[in-house]
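Below, each chain spelled out in residue letters.
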Amino acid sequence: MVGMWRMGPWAVPWMMLWLFCLLPSARAQTKIPLETVKSWADAFGGELYSIVTKYSGSLLLQKKYKDVESTLKIKEVDGLELVKKFSEQMESMLRRKVEAVERLVEAAEDADLNHEYNSSLEFDYYNSLLINEKDENDNYVELGDEFILEPNEHFNNLLVNTTYSDIQLPTNVYNKDPDILNGVYMSEALNPIFVDNFERDPTLTWQYFGSSTGFFRLYPGIKWLPDENGVISFDCRNRGWYIQAATSPKDIVIVVDVSGSMKGLRMTIAKHTIITILDTLGENDFVNIIAYNDYVHFIEPCFKGILVQADRDNREHFKQLVDELQAKGVGTVNKALTESFKILREDLYPFVLTAALLKAATRLPAFPETPSSQQYFRDAGQGGLCNQAIMLITDGAVEDYEAVFEKYNWPDRKVRVFTYLIGREVTFAPNVKWIACNNKGYYTQISTLADVQENVMEYLHVLSRPMVINHDHDIIWTEAYMDSALPQSEELFASQAQSLLLMTTVAMPVFSKKNETRSHGILLGVVGSDVPLRELLKLAPRYKLGVHGYAFLNTNNGYILSHPDLRPLYKEGKKLKPKPNYNSVDLSEVEWEDQDEILRTAMINGETGYLSMDVKVPVDKGKRVLFLTNDYFFTDISGTPFSLGVVLSRGHGEYILLGNTSVEEGLHDLLQPDLSLANEWIYCITDIDPDHRKLSQLEAVIRFLTGEEPDLECDEELVQEVLFDAVVTAPMEAYWTTLALNMSMETEVGVEMAFLGTRAGLMRSALYVGSEKISNRKFLTQKDKESIFTMDHFPLWYRRAAEHPPGSFIYSIVSEDDSEGGGLPKVVTVSTAVAVSVDGKMGIAAAVGVQIKLELLQRKFWMAMQQPNDSDCSALDGACPLSCQDDILNCFLVDNNGFILVSKRPAETGKFFGAVDGSVMTQLLNMGMFRRVTMYDYQAMCKVPYHHHSGARPLLSPIYAFLAAVKWLISDFLIFLLEFNMSSFWHSDNLADAKAVFHHSHKHKKHDILQPCDTEYPVFVYEPAIKETNGLIECGDCQKMFVAQQIASSNLLLLITDAVCDCSVFPPVLLDAKEVKYNASVKCERMRSQKLRRRPDTCHAFHPEENAQDCGGTAEISVSPTLLFLPLALLLQ
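Conventions adopted
Residues numbered from 1 in each chain as written. Predicted model: local features only at pLDDT ≥ 70, side-chain atom pairs only at ≥ 80, totals over all residues. Heavy atoms only, no water. Helix = DSSP H or I, 4+ residues; strand = E, 2+ residues; numbered from the N terminus. Buried < 20%, exposed > 50% of the residue type's maximum accessible area, 1.4 Å probe, protein only. Contact = heavy atoms within 4.5 Å. Areas by Shrake-Rupley, 256 points an atom, 1.4 Å probe, with all protein chains shown as cover. Axes fitted to C-alpha atoms, helices over the stretch in contact; angles between N-to-C directions. Left-handed = near helix turned anticlockwise from the far one by under 90°. Nonpolar A, V, L, I, M, F, W, Y, C, P; charged D, E, K, R; others polar. Phe/Tyr/Trp six-rings, centres within 6.5 Å; stacked < 30°, edge-to-face > 60°. Pairing = 2+ DSSP bridges. 1 Å grid on protein atoms, 1.4 Å probe; cavity = no way out; pocket = protein on both sides within 12 Å on 5 of 7 lines; lining within 4 Å. Points joined across faces, edges and corners; volume = space filled by probe spheres on them. Parallel < 35°, antiparallel > 145°, perpendicular 65-115°, else oblique. Disulfide = S-S within 2.5 Å. Right-handed = clockwise from strand over helix to strand, strands pointing away. Polar contact = N/O pair within 3.5 Å; in protein donor to acceptor, adjacent residues only side chain to side chain. Salt bridge = Lys/Arg side-chain N within 4 Å of Asp/Glu carboxyl O. Core = buried A, V, L, I, M, F, W, Y, C linked by side-chain atoms within 4.5 Å. Expected span 1.5 Å × (residues − 1). Bend = angle between axes of the 7 residues up to and from the residue. pLDDT = per-residue confidence, 0-100. Patch = residues over 30% accessible without salt bridge, like charges linked within 9 Å, V, L, I, M, F, W, Y side chains within 5 Å. Lys, Arg positive; Asp, Glu negative; His and termini not counted. Charge placed at Lys NZ, Arg CZ, Asp CG, Glu CD.

Participant: Would you mind going over the overall build of the chain with me for this structure?
Facilitator: Secondary structure assignment for the chain yields 32 helices and 38 strands. A burial count over the chain gives 56% of its 1133 residues as buried. Of all intrachain contacts in the chain linking residues separated by at least 6 positions in sequence, the fraction that spans at least 24 positions is 74%. Summing over all exposed atoms, the chain offers an accessible surface of approximately 48,800 Å²; the carbon and sulfur share of this is 53%.

Participant: Is there a simple way to explain the packing of helix 2 (residues 34–56) against helix 24 (residues 854–864) in this structure?
Facilitator: When two helices pack together, their arrangement is given by the angle between their axes and by how far apart the axes lie. Running from N to C, helix 2 and helix 24 point in directions that differ by 150°, and their axes come no closer than 9 Å. Seen from above, helix 2 lies across helix 24 with right-handed handedness. Side by side, helix 2 and helix 24 meet where Trp40, Phe44, Glu47, Leu48 and Ile51 of the first sit next to Leu857, Lys860, Phe861 and Ala864 of the second. Looking at the contact of helix 2 with helix 24 residue by residue, the class counts come to seven nonpolar, no polar and two charged.

Participant: Looking at this model, I keep getting lost on the packing of aromatic side chains. Mind explaining?
Facilitator: Two descriptors summarise a pair of aromatic rings, namely the distance from one centre to the other and the angle between the planes of the rings. Taken as a whole, this structure holds 47 aromatic pairs when the rule is applied. With centroids separated by 5.2 Å and ring planes inclined at 85°, the aromatic side chains of Phe123 and Tyr185 adopt a geometry described as edge-to-face. Separated by 62 residues along the polypeptide, Phe123 in the loop between helix 4 (79–113) and strand 2 (150–152) and Tyr185 in helix 5 (residues 178–187) bring together distant segments of the chain. For Tyr185, a relative accessible area of 41% corresponds to the partly exposed category.

Participant: What is the right way to look at the environment of Trp592 in this model?
Facilitator: Locating Trp592 in the fold gives a position in the loop between helix 17 (587–590) and helix 18 (598–604). On a C-alpha basis, the gap between Trp592 and Asp937 in space is 9.2 Å, while along the polypeptide they are 345 residues apart. When near neighbours in sequence (up to four residues on either side) are disregarded, Trp592 contacts Lys616, Thr934, Met935, Tyr936 and Tyr938.

Participant: Hey, could you run me through the side chain of Thr338 in this one?
Facilitator: Within the secondary structure, Thr338 is located in helix 10 (residues 333–345). Relative accessible area serves as the criterion here: at 19%, Thr338 is assigned to the buried category. For Thr338, the contacting residues outside a window of four places in its chain are Val404 and Tyr408.

Participant: Looking at this model, I keep getting lost on the environment of Val322. Mind explaining?
Facilitator: Its place among the elements puts Val322 in helix 9 (residues 312–323). In sequence terms Val322 and Ile274 are 48 residues apart; their C-alpha atoms lie 7.8 Å from each other.

Participant: What is the right way to look at the sheet that holds strand 36 (residues 1039–1046) in this model?
Facilitator: Strands pair in a sheet through their backbones, by hydrogen bonds, and they do so in one of two ways: parallel or antiparallel. Across the sheet, five strands lie side by side as 32-31-37-36-35; this open sheet has antiparallel pairing. The strands lining the two open edges of the sheet, one partner per strand, are strand 32 (900–902) and strand 35 (1028–1034). This sheet shows a mean twist of 25° between the axes of neighbouring strands, independent of strand direction. The pairing of strand 31 (residues 889–895) with strand 37 (residues 1052–1058) spans seven bridges and is classified as antiparallel.

Participant: Help me out: how do you make sense of empty space enclosed by the protein in this one?
Facilitator: If a probe the size of a water molecule is rolled over the atoms, the empty space left behind becomes visible. Counting across every chain of the model gives five cavities of 30 Å³ or more. The wall of the largest cavity is formed by 18 residues, among which Leu537, Ala540, Pro541, Arg542 and Met791 lie closest to the centre.

Participant: Any chance you could explain the packing of helix 2 against helix 22 (residues 731–741) here in plain terms?
Facilitator: Packing of helix 2 against helix 22 leaves a shortest axis separation of 9 Å and a crossing angle of 125°. One finds that helix 2 runs oblique with respect to helix 22. Across the interface between the two elements, Thr53, Lys54, Tyr55 and Ser56 of helix 2 pack against Met732, Tyr735, Trp736 and Leu739 of helix 22. Per-class residue counts for the contact of helix 2 with helix 22 are five nonpolar, two polar and one charged.

Participant: Before we go on, may I ask you to explain the state of the cysteines in this structure?
Facilitator: Any covalent bond linking the sulfur atoms of two cysteines counts as a disulfide. Under the defined criterion, the tally for this structure stands at eight disulfides. Covalent S-S linkage joins Cys1038 and Cys1061, the inter-sulfur distance amounting to 1.9 Å. Linking Cys1038 and Cys1061, the disulfide has an S-S dihedral of approximately 80° and is accordingly described as right-handed. Separated by 23 residues along the polypeptide, Cys1038 in the loop between strand 35 and strand 36 and Cys1061 in the loop between strand 37 and strand 38 (1074–1075) bring together distant segments of the chain. The buried category is assigned to Cys1061, whose relative accessible area is 5%.

Participant: Sorry, what's going on with the pairing of strand 13 (residues 443–446) here?
Facilitator: A regular strand places its side chains so that they alternate between the two faces of the sheet. Where burial is concerned, the two faces of strand 13 agree: the one with Tyr443 and Gln445 and the one with Thr444 and Ile446 are both buried. A crossover connection joins strand 12 (residues 415–422) to the parallel strand 13 through helix 13 (residues 429–437); in handedness this β-α-β unit is right-handed.

Participant: Even after reading the chapter, I still don't get helix 5, so can you show me in this structure?
Facilitator: Along an α-helix, a turn takes 3.6 residues, which lines up residues three or four apart on a common side. Counted residue by residue, helix 5 has seven buried out of 10 residues, so it is predominantly covered. Within helix 5 the residues assigned to the buried category are Ile180, Leu181, Asn182, Gly183, Val184, Met186 and Ser187. Those residues of helix 5 hidden inside the fold are in contact with helix 4, strand 4 (166–168), helix 6 (191–200), strand 5 (207–211) and strand 6 (216–219). Two or three places before Asp179, at the opening of helix 5, Asp177 has a side-chain oxygen 2.8 Å from that residue's backbone nitrogen.

Participant: I'm lost on the pattern of salt bridges in this one. Help?
Facilitator: A side chain of one charge can pair with a side chain of the opposite charge if their charged atoms are brought near each other. For the structure shown, the criterion picks out 43 salt bridges. The partner of Arg96 in a salt bridge is Asp201, with the nearest N and O atoms 3.9 Å apart. Taken as a pair, Arg96 in helix 4 and Asp201 in the loop between helix 6 and strand 5 lie far apart in primary sequence, 105 residues in all. Between Asp201 and Lys97 there is a salt bridge, with its nearest N and O atoms 2.9 Å apart. Here Asp201 is found in the loop between helix 6 and strand 5, whereas its partner Lys97 is found in helix 4, with 104 residues between them in sequence.

Participant: I tried to follow the nonpolar core on my own but got confused; where do I start?
Facilitator: Ranked by size, the top nonpolar core spans 106 residues in total, and within it Tyr125, Trp241, Leu553, Leu599 and Tyr632 carry the most contacts. Of the residues forming this core, the biggest block, 13 residues, is contributed by helix 4. When sequence neighbours within four positions are dropped, the list of residues in contact with Tyr632 reads Tyr550, Phe552, Glu591, Leu599, Gly609, Tyr610, Leu611, Met613, Val615, Val646 and Val647. By size, the runner-up hydrophobic cluster in this structure holds 100 residues, among which are Tyr655, Met753, Ala847 and Cys891.

Participant: Would you explain the sheet that holds strand 22 (residues 624–636) in this entry?
Facilitator: Here five strands make up an open sheet; going across it, the order is 18-17-23-22-21 and the pairing antiparallel. The open sheet has two free edges, formed respectively by strand 18 (560–562) and strand 21 (609–619), since each of these has just one partner strand. The average angle at which neighbouring strand axes cross in this sheet is 35°, direction not considered. Both strand 17 (residues 550–554) and strand 18 contribute to a ladder of two bridges, which runs antiparallel. The residue bridging Asn554 from the neighbouring strand is Ile560, located in strand 18.

Participant: Mind showing me how you'd approach helix 14 (residues 452–469) here?
Facilitator: Along its 18 residues, helix 14 runs 27 Å from first to last C-alpha, staying within 8% of the 26 Å computed at 1.5 Å per residue. The sharpest bend along helix 14 reaches about 35° and sits at Leu463, with the proline Pro466 one to four residues further on. Extensive coverage of helix 14 is indicated by the burial of 16 of its 18 residues. Of the residues one or two after helix 14, His471 is the one with positive phi, at around 55°.

Participant: Mind showing me how you'd approach unusual backbone geometry here?
Facilitator: With an omega of -5°, the peptide bond running from Tyr219 to Pro220 counts as cis. Along the chain, Pro220 turns up in the loop between strand 6 and helix 7 (240–246). Backbone torsion omega between Trp410 and Pro411 reads 0°, so that peptide bond is classified as cis. Of note, Pro411 is situated in the loop between helix 12 (402–408) and strand 12. The residue Glu597 is not glycine, and still its phi comes out positive at about 55°. Along the polypeptide, Glu597 turns up in the loop between helix 17 and helix 18. Look at Ser1049: it is not a glycine, yet its phi comes out positive at around 60°. Among the structural elements, Ser1049 can be located in the loop between strand 36 and strand 37.

Participant: What's the story with the confidence of the model for the chain in this structure? I'm lost.
Facilitator: Fine structural detail should not be taken from predicted coordinates in areas where pLDDT scores are low. Here the chain averages 84 in pLDDT, while 83% of its residues score no lower than 70. Taken together, the stretch residues 947–1006 has pLDDT below 50 and engages in 63 contacts with residues farther than four places along the chain or on a different chain. Here residues 1114–1133 is modelled with pLDDT under 50, and outside its nearest four sequence neighbours on either side it reaches 37 contacts, counting other chains as well.

Participant: What exactly am I supposed to notice about the side chain of Asp937 here?
Facilitator: The topology assignment puts Asp937 in strand 33 (residues 930–945). Overall, Asp937 belongs to the buried group, its relative accessible area being 16%. Within the structure, Asp937 has its side chain in polar contact with the side chain of Arg567 (distance 2.7 Å). Within the structure, the side chain of Asp937 is placed 3.5 Å from the backbone nitrogen of Ala940, a separation counted as a polar contact.

Participant: How should I be thinking about a negative patch on the surface in this particular structure?
Facilitator: There is a patch of like negative charges on the surface, built from Glu76, Asp78, Glu81, Glu88 and Glu91. No other element matches the three residues that helix 4 contributes to the negative patch. Mapped onto the elements of the fold, Glu88 is located in helix 4.

Rendered as structure tokens:
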């Protein structure tokens, strides 16, 4: 046929070959023999097991505990009895603090009663800023005489004077004002009481008196340092303990005029006034803010018509919104007042979400709807139901507003109205004052930023009147806080576990007892004393709580006081700083498995009881997780708003091992040089007697047992456990020493250290290399708290081993971002648990292990992962002989959380396997060999980009450059005027606030800021029931084979994958945390919803003898012409 191509017989095979080469699926895949991988895993696992059992001595230690099983007793802990006992001890301790404060209150009130005010009093006192300061002639400055300061361990090694107190004043308070001098002189009577209190109860820490005039008397005395701007901004009257003790719970509606006349400096002062008011509110108070001009609007529309708890989050949210207020239009105050009274006087509507709606809308569990809890449940809009007040901030009022008060507030006047007239104009002063005086409030005029602080504080004195007149000395306990105002706070942050940095304060108000001023209800100040929460937790010894157990405390509002998972600090650059919301972390945000809030509800209600929960416990900075069944036992602490919880993990966590040995035998073994005790545990009380404070816990135990210190008070049950463990573990020293002397440098080079720890906090360790050759010098030291026994937790290697089958080893590698110096990991920590059984009960007596160089593991791995060239390959299906060194293979050693210990590429060591090979990790997840566990972090900090104007703008026009230069000149000139002005000759401190505000407004903002957020993140866990698996992955133009094989007696997996097939079409599997974003409606519902809380027991809102005519007047205005320039300066920023 013409045009037809004829193929000869030779052409057919060639055509087939050509087509075979063109077809993508025709490429031969790398076939990995399963038998080969299993033999590699068995050989490698066997050699590893031989090394770690030999050098840890685990079999010897197991035998030694087995030998004494017949003498052991395993006692089951009664969790309810335990939590009740701890609570009683805590109540007794806190009662002693209350008694100390009561003695101070009595002394202060008696001193005031016997003091006659002297307006011309001259009196020198120890000013904490000026003490030990000298002038150019080497003479002590005025108020700065010699004040002996010595370091004291009880006060975190700060320089203190334990024989005398001294006086601190904020920069804006004149240190020789007659009111200050009279108050300081009167309060000198507290000095002997401070000292006596400390002698009676050496566990007391800071004691103090905060005066209503602004001075702060602190014992022991310290040297106070100004901030970087030379300003002391600490004002005791702003502190939570002062405000809570001075007033009962408050429902506040702030009403601010944003009409056109409020533009400029007036608006700036008004905003500062609102922020200052917000700073006087706490967790037991409720608030809302209304702005008005031509119309009335809630500055947060989501809070329309309700009061919200004045917790840290809500206060900070309000501050951001206040900063955005702009002045325009005409002011009509009547509607704003009407709206305010409606919020305070009426229950607009109960804002109760059904369980299903709330669970769908937010991560927070539903409200309990049991009758017993309804007395505690707060419907939105109801508030604290004690003091109620409206704060009116305006530059004038011209309307006929009397009708509003007649309708909503007269004749009872249950809502006080405080008025703040902004500006120097006095035309409207009578009207604004009339509003306050006819509604049991107080009127002030604020014309400069420097006036704000003192004028705002007046409302607290008015609200305190009923309590003062009635002489009700309520005892208050604050929420948890950390005092960053004291010197060396940064060093303290870095030295202790985060959860133990916090403290609470017990405080009581101090009243004037003088009959002539009774109706005025004069508050002299507040007395307080700090109680570090670590002192409370010392009463819940770690050894009684087991490997995973812990104690925690929460408040009547559901906020955490202390919890081992509380993380109040975050890192900004190289500095540790408190998180903005560190003291308003809710119990449900830490114990987030409590989905129905059963635990939270019971503890807030002050109930005694228990419940069980299956929990996922994050460890190793959230990279790993333990699955536990925890039993929660809880009760209240009488006389406080606090509740105590004790958690014991089910099984071995609820058993205490009791052994018996003689003091002589145990003491001999305690003296061995390789032994140490958990220095944060309390075997003996060493922090009371100054002679004992320098003793380590081991030294104290030895002196107690030898009778050298008969007055030492020790925990005899714990000491007995230590003696028993010392005897049982004593042979380990000789065993390790013998090994070290006979170590073969050729085969075992890389084994660096052996160690063990017992449930009693005893540790032994031995070095197999010189100390200078140790790769991880932080291990088993205070610099690596995860590796030692602390007040918070057992060592991580102990905790992980306890949840692994006894006799099987846990291998842990430091992940890439946690390794020392940021380099590649160098060591592997290996540990196993030692279990004992008595009468069918199994307890974990100890954990033992070794630390080896990663090089040793890698060397053994590569030696095992190869077949000799003369291997018999006849029975194998696949490539043979095979070696992990072959280019066609990738070989990995990974742990049970997917982290790589060995890889061909050293840079992958410590990385998560899913980030290296997403295709195989995805397949392992699909096959069930690994599973993904979703975890939540409700204490996270997320980056928020800082949006700024284009930096290129000044380049577009020379005008911008000129304006920038003018702005710079004027700004510097204004700062000069603020620092040097005529009024400073007689009262320069009044300008400090304005100067501080001005400086703050000119601080350079960073491009990225961190703010609290919620995140979810994955943790991947190996399923040990699947010991081996293999598969083929379709990767487009090729198939990728992989084989996974468990390494016996370990938490390790051998992964062999095809290195030739490109499977990059699969995305990596990452560990990245993702911020939980809430849409607008859900976010609003979350913000409006009020969680269960318990109101304080007392309320002092009114007293019939109160002198309501003392309602303020025109504030004294310091002559300060430079402040007239302030609005211009603020406009220029």
